Amino acid sequence: MKATGWVLESRLPMSSVAERMFSELPAWQQMLDRNRELFCDMAPGSRIGLMRRNGADAGKRAAALFATEADSPAATLLTWECGEDGMRAGCASCRHPRELRLDLLLVADDEALEAISRHLGGDPLTVMKGLIRRGNVLFYVMRTKRELQDAGYEDFLDSLGLAFLGACR
Amino acid sequence: MTRPGEAKLPHLFKPARFGGFTTPNSIKYGACCVSNYNTRDGFITPRELARMRVIAGTGCGLITNQGAYPDPLGEGKAYFRQIALFDDKFLPQFETIARYIHDAGAVAVQQILHAGRYGGIDIGYCVQPSEVPQTLPHFRPPREMTRDHIQDCIRQHADAARRAVKAGFDATEVTSFMGYLLASFNSRFTNQRSDEYGGSIENRGRFMRELIDAIKQATPENPLAIRLNGAELMDRWGGNTEDECFELMQQAVDSGVDMISVTVGWQEAPESSIGRDIAPGHWNHLAARAKRMFPDTPVAFGNRLPDPVMANDCIARGEFDYWEVCRPLLADPELVHKAAEDRLPEVRRCIGSLNCLSRLFRDLPYTCTMNPALGHEVEPEYQIRPAAVKKRIMVIGAGPAGMEFALTATRRGHAVTVFEKSEAIGGSLRAYAARDLARPEDLASVVAHYEVMAKKLGVEVRLDTEANAKLMRSLLHQFDVCVVASGARIDMDVYRAIEGHERLVSAQDVASGRVVPGARVVVIGAGKIGLTLAESIRKGGAEVTVVEAEKRIAGDVMPSFKWRHNSWVEELGIRALTSSRVVRITAEGVIVLNGKGAELQVAADTVIAATPRKSNQELFQEFEWTIDELHGCGDALVPRGLDAAIHEGYRLGVRI
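Each value, and the rule that gives it
- Residues numbered from 1 in each chain as written.
- Chains lettered and ligands numbered in written order.
- Predicted model: local features only at pLDDT ≥ 70, side-chain atom pairs only at ≥ 80, totals over all residues.
- Heavy atoms only, no water.
- Phe/Tyr/Trp six-rings, centres within 6.5 Å; stacked < 30°, edge-to-face > 60°.
- Helix = DSSP H or I, 4+ residues; strand = E, 2+ residues; numbered from the N terminus.
- Buried < 20%, exposed > 50% of the residue type's maximum accessible area, 1.4 Å probe, protein only.
- Lys NZ or Arg CZ within 6 Å of the ring centre and 35° of its normal.
- pLDDT = per-residue confidence, 0-100.
- Core = buried A, V, L, I, M, F, W, Y, C linked by side-chain atoms within 4.5 Å.
- Contact = heavy atoms within 4.5 Å.
- Pairing = 2+ DSSP bridges.
- Axes fitted to C-alpha atoms, helices over the stretch in contact; angles between N-to-C directions.
- Polar contact = N/O pair within 3.5 Å; in protein donor to acceptor, adjacent residues only side chain to side chain.
- 1 Å grid on protein atoms, 1.4 Å probe; cavity = no way out; pocket = protein on both sides within 12 Å on 5 of 7 lines; lining within 4 Å.
- Points joined across faces, edges and corners; volume = space filled by probe spheres on them.
- Nonpolar A, V, L, I, M, F, W, Y, C, P; charged D, E, K, R; others polar.

A. Representation of the packing of aromatic side chains. Per the counting criterion, the structure on display carries 17 aromatic pairs over all chains. Where Phe43(B) meets Phe90(B), the ring centres are 4.5 Å apart and the plane angle is 45°; that geometry is what we call tilted. Taken together, the residues Phe43(B) in the loop between strand 3 (27–29) and helix 2 (46–56) and Phe90(B) in the loop between strand 5 (83–84) and helix 3 (91–103) connect sequence positions 47 residues apart. Accessibility expressed as a relative area gives 1% for Phe90(B), which makes it buried. Each residue in the set Trp28(A), Phe39(A), Trp80(A) and Phe156(A) is aromatic and connected to the rest through ring pairs, giving one cluster. The cationic tip of Arg47(B) hangs over the ring face of Tyr37(B); the distance from NZ or CZ to the ring centre is 4.4 Å.

B. Looking closely at the confidence of the model for chain B. A residue-level look at chain B finds 100% of positions with pLDDT of 70 or above and a mean pLDDT of 95. Both scores are available for the predicted complex, with the pTM at 0.90 and the ipTM at 0.73.

C. Here's a closer look at the nonpolar core. Counting 204 residues, the largest nonpolar core has Trp28(A), Trp80(A), Phe156(A), Phe207(B) and Ile226(B) as its most contacted members. Excluding residues that lie within four positions of it along the chain, Trp80(A) makes contacts with Trp28(A), Met31(A), Leu32(A), Ser46(A), Arg47(A), Ile48(A), Met87(A), Arg88(A), Ala89(A), Leu125(A), Met128(A) and Phe156(A). Formed by 44 residues, the second largest nonpolar core is a distinct cluster that contains Ala542(B), Val557(B), Ile574(B) and Ile585(B).

D. Here's a closer look at the side chain of Thr58(B). Among the secondary structure elements, Thr58(B) is positioned in the loop between helix 2 and strand 4 (62–69). When sequence neighbours within four positions are dropped, the list of residues in contact with Thr58(B) reads Ile63(B), Leu329(B), Pro333(B), Val336(B) and His337(B).

E. The sheet that holds strand 14 (residues 392–396) of chain B, seen in detail. Residues and elements named next belong to chain B. Strand order in the open sheet made by the five strands is 16-15-14-17-28, with parallel pairing throughout. Pairing within the sheet leaves two strands with one partner each, and these edge strands are strand 16 (460–462) and strand 28 (629–632). If you compare each strand with its neighbour and ignore which way they point, the axes differ by 20° on average. Pairing geometry for strand 15 (residues 415–419) and strand 16, over three bridges, is parallel. Bridge pairing in strand 16 links Phe419 to Arg462.

F. Focus on the sheet that holds strand 25 (residues 599–603) of chain B. All names here are of chain B. Within the open sheet, the three strands sit side by side as 23-24-25. Their pairing is antiparallel. A single partner strand is all that each edge strand has here, and the edge strands are strand 23 (581–585) and strand 25. Geometrically, the sheet is characterised by an average inter-axis angle of 30° between neighbouring strands, direction not taken into account.

G. The arrangement of the environment of Glu247(B) in detail. Mapped onto the elements of the fold, Glu247(B) is located in helix 8 (residues 242–254). By relative accessible area, which is 41% here, Glu247(B) ends up partly exposed.

H. How the structure looks around the side chain of Arg163(B). Residues and elements named next belong to chain B. Relative to the helices and strands, Arg163 resides in helix 4 (residues 147–166). Looking at Arg163, the relative accessible area reads 15%, which means it is buried. In this structure the side chain of Arg163 is engaged in a polar contact, spanning 2.9 Å, whose partner is the side chain of Asp88. Other than its neighbours up to four places away in sequence, Arg163 contacts Leu85, Phe86, Asp87, Asp88 and Leu91.

I. Seen up close, empty space enclosed by the protein. Residue and element names in this part refer to chain B. Going through the model one piece at a time under the given rule, you end up with 10 cavities of 30 Å³ or more. Looking at the largest cavity, its volume works out to about 260 Å³. Lining the largest cavity are 18 residues, and of these Gly302, Asn303, Arg304, Arg327 and Pro328 lie nearest its centre. Only strand 13 (322–325) and helix 11 (327–331) provide two or more residues apiece to the lining of the largest cavity. Looking at the lining of the largest cavity residue by residue, the class counts come to 10 nonpolar, four polar and four charged.

See the structure below:
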């Protein structure tokens, strides 16, 4: 079944917030550098994506993202990729997140992007943790627990307050 | 003849109807957890059969066997050793279980569990209505089901139901609890299809209705129960509202199900549903709503409802028809009998520790903090049998390890005397339980159980009696065995090198009330002891900072509960300095050195040492040449926690 008819954000006028997010790469890089200890165990090639969410329907967004039709419009994401010399901030376009081999995908609404942007020079990860808890930032996991553990994700996930082990609580 | 407890809980013990069956009472044993006791390829083992024999004997009128996956590929298999029902080769052991249940006078239900989004544990992918990835890292990447795949899946369910009936089960059950396949079709979050199986709630419920119809056609004489969420707790992800949940229940009832079992929550829900931070009865309103909507359909309910008295009252008020209980019966398989015999104070309560689930999600067989014999029913070594040689045993310490040992050994015929230096049974647990932010009553119930049972079994407990060499000399040759269960203390010696260490107070002294903290508190150590104190003190209004040497807090907390402490620390505004250590203590506070080598001053009027813990092992050396047998258990060997204390006390008690 194909997810057709939903408009991905690249077809919408990008909000000023989203525009700002993608243009603030130096600030994102500085943030990653300040928090390098969170990523020090991560394997090279580990990759996290952050994109803008349009509308309230998280599931619809996710399904649209992961639809496999060849003519899906491209989506633009902010990426954090682990290289030999640490995490690098960048932008990427893709028709399907799998093209980017993401390990985690964070999907943030405009309120979240505003908040993160305001704190980019300070501690946006703590802000992001609160936004995840409130549902302004949704996240999707593309790797198994073992793969994430082997790739050194525990500290980062923990910093965002994400339960590493699922359980009916 | 009516037993005294049955007269007090008449609604719980009245017969009830399920399909064409009359059950002897209104209690349903729920298939809450897959045990992981079975083989990797889905066969039921002797270990499982031994456990099920105990479950069959619990006295429940309706007993549900744990969920079996229905497909040969294993797409529905969520758990490492989940049982299978996709082929007749599995049937002999199912027949045995059905027979156990019937021999006990109960009605047998087999749950068919296709885990959907959480399945495919052996095959590296899972199947869902749409490719919506999970939000926890525990699971496999999703694949969307085609229409043909959906039809095959429904057929597999129907075949599994037919097999269950062939094996002797009276009824079957399908479940959407926790976000399994049925739930993922029903939910707005995970079902993004635009064919007849997705979109409107009518369409999203189509898979469920077709499933019900197929099973009903395959087994027309046998009732079908369905577990459906009254609340998904997935609002943040765009999950179903409560109204939508009940609309789906209506669809199920209209399709002819014979029972609605109301459940709560998904695996991925960011909120607690059954942990001990949820008050018992919190979700009862969901069952009550279902019962109002479906007066003619039996409703079963039991999420976070461990108390038979509450269950009886709910049934009396017409809020549901069956008390669906699982974990409380894992903790105490005698619960229903004790309720019937008016012996509720003797019940070992489920304390909601979720040790069972923590182990399940590490692919381990589940165990229970409160029931050391769970999972070991097949092993004679775990059974309480008369001792070949009756001994006189002294136990040092009336904490959980010592008391568990004392009760177990007494049951085997030994003469046991417990020596406790404080004024009460309970050890460290008594003090820390009172500080627990979740539910102090749950942890306190452990102590209460030991008090009740010590009295009932005639265990002599000498309080305010410190065991030392002088005492031992006075008791020479009066005992054959000494069990050191003296627990552990905070090791204050490790702080001697720190300037100002004399200002430190021990976590135990604060927990017990011997020391009252001030308005600005630093707690050294953010393990379970430090966090319990920090949260409690913060709630009392003080400013609190925890200093932890490791990168993360809650290192020794049960996996299923780490997230809770993390969120409490944040919600309460407790400052957490990780990768840090205290290097100096002054009248004004502490100097902390962090992982980057920077010093930080934290103002404090009270500095509490909550780590490290050191076993109180001195008595091993003191008593070695004074008694025939010398043993140890619990924290006196290695500081761990309640689970190890109770289990070790029991294991020693059945062995001596």
